[in-house]
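The residues making up each chain are set out below.
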Amino acid sequence: MKTIEVDEELYRYIASHTQSIGESASDILRRLLNVGDGRKSENVASVAATPAKAPAAASAVDRVRTMRELLLSDEYAEQNKAVNRFMLVLSALYSVDAKAFTQATESLHGRTRVYFAGDQQTLMQNGTHTKPKHVPGTPYWVITNTNSGRKRSMVEHIMQSMQFPAELIEKVCGTI
C-alpha cells in the first residue's frame with residue numbers, strides 16, 4: 001500500500017462521499033473514479049465546474065463534513081468504549097454549532113435526571129451514580145452511566161434539533 005498526501009480541501013471532499021462506516025479513502029476513490037471497471041467517473045470532472053454554494057449552504061455542508069470526518073478519524077476508530085465515542089461526538093457537535101447544541105441540550109433530560117449541565121455538582125444533585133464527565137472543548141458536563149441505547153438517543157435528539165440529515169444521524173448513532 002502506498003501513501004499519498006492530499007490537501008485539506010481534497011481530504012474533505014473524499015470524506016464527504018463516505019457511504020458506510022469504516023469505508024477507507026481507497027474504497028471511496030475507487031467508487032468515485034470507477035477504477036474497478038476502467039471508466040472514470042463523470043462526478044470528478046463535474047466537481048471543478050460546480051459553482052460555489054451560498055454561505056448558509058456551505059455552513060451546512062461543513063457541519064456534515066465535520067461529523068463525517070470524525071467518523072473516519074483514527075482517534076474515533078481507536079475508541080473501544082461507547083462512552084468515549086459518545087464524548088467525541090458531543091465535542092464535535094458543540095464545535096460545529098455551539099448555540100444549536102446549547103438549545104438542543106436544554107430540552108434533553110430524563111424523568112428524574114438532568115443529562116447536561118454547566119457543572120458536575122448539578123448532575124450529581126439530580127441523580128445518584130451519574131458518573132458526570134466534562135465534554136472536552138465545551139462548558140458542559142454530561143452523565144455517562146446510561147446504557148448505549150440512551151447515549152444514542154441523546155445524540156439522535158441533539159442532531160435532529162441541529163437539523164442534521166437523517167442518514168448522517170443514523171450513521172453516527174450506529175457507531176455508539
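Residues numbered from 1 in each chain as written. Predicted model: local features only at pLDDT ≥ 70, side-chain atom pairs only at ≥ 80, totals over all residues. Heavy atoms only, no water.

K.L.:
Lay out the environment of Thr122 in plain terms, naming residues and giving numbers.
P.N.:
Mapped onto the secondary structure, Thr122 falls in helix α8 (residues 120-125). Here Thr122 falls in the partly exposed class, since its relative accessible area comes to 26%. Remark: the alpha-carbon pair of Thr122 and Trp141, spanning 19 residues in sequence, is separated by 9.1 Å. (Helix = DSSP H or I, 4+ residues; strand = E, 2+ residues; numbered from the N terminus. Buried < 20%, exposed > 50% of the residue type's maximum accessible area, 1.4 Å probe, protein only.)

K.L.:
Hey, could you go over a nonpolar patch on the surface for me, with residue numbers and the actual values?
P.N.:
Together, Ile4, Val6, Leu10 and Tyr11 give the surface a local cluster of nonpolar side chains, amounting to about 360 Å² of exposed area. Within the fold, Tyr11 resides in helix α1 (residues 8-16). For Tyr11, a relative accessible area of 34% gives the class partly exposed. (Patch = residues over 30% accessible without salt bridge, like charges linked within 9 Å, V, L, I, M, F, W, Y side chains within 5 Å. Areas by Shrake-Rupley, 256 points an atom, 1.4 Å probe, with all protein chains shown as cover. Salt bridge = Lys/Arg side-chain N within 4 Å of Asp/Glu carboxyl O.)

K.L.:
Tell me what's going on with the packing of helix α6 (residues 82-96) against helix α9 (residues 148-161), and back it up with residues and numbers.
P.N.:
Packing of α6 against α9 brings their axes to within 10 Å, and their N-to-C directions diverge by 10 degrees. Classified by the interaxial angle, the pair formed by α6 and α9 is roughly parallel. For the pair α6 and α9, contact is made by Ala82, Val83, Phe86, Val89, Leu90 and Leu93 and by Ser148, Lys151, Met154, Val155, Ile158 and Met159, respectively. Here the residues of the contact of α6 with α9 sort into 10 nonpolar, one polar and one charged. (Axes fitted to C-alpha atoms, helices over the stretch in contact; angles between N-to-C directions. Parallel < 35°, antiparallel > 145°, perpendicular 65-115°, else oblique. Contact = heavy atoms within 4.5 Å. Nonpolar A, V, L, I, M, F, W, Y, C, P; charged D, E, K, R; others polar.)

K.L.:
Please give an account of the sheet that holds strand β2 (residues 133-134) that cites residues and values.
P.N.:
One open sheet holds the three strands; their spatial order is β1-β3-β2, and the pairing between them is antiparallel. Looking at strand neighbours, the two that pair on one side only are β1 (116-117) and β2, the edges of this open sheet. Both β1 and strand β3 (residues 141-142) contribute to a ladder of two bridges, which runs antiparallel. Opposite Ala117, over in β3, you have Trp141 as the bridge partner. (Pairing = 2+ DSSP bridges.)

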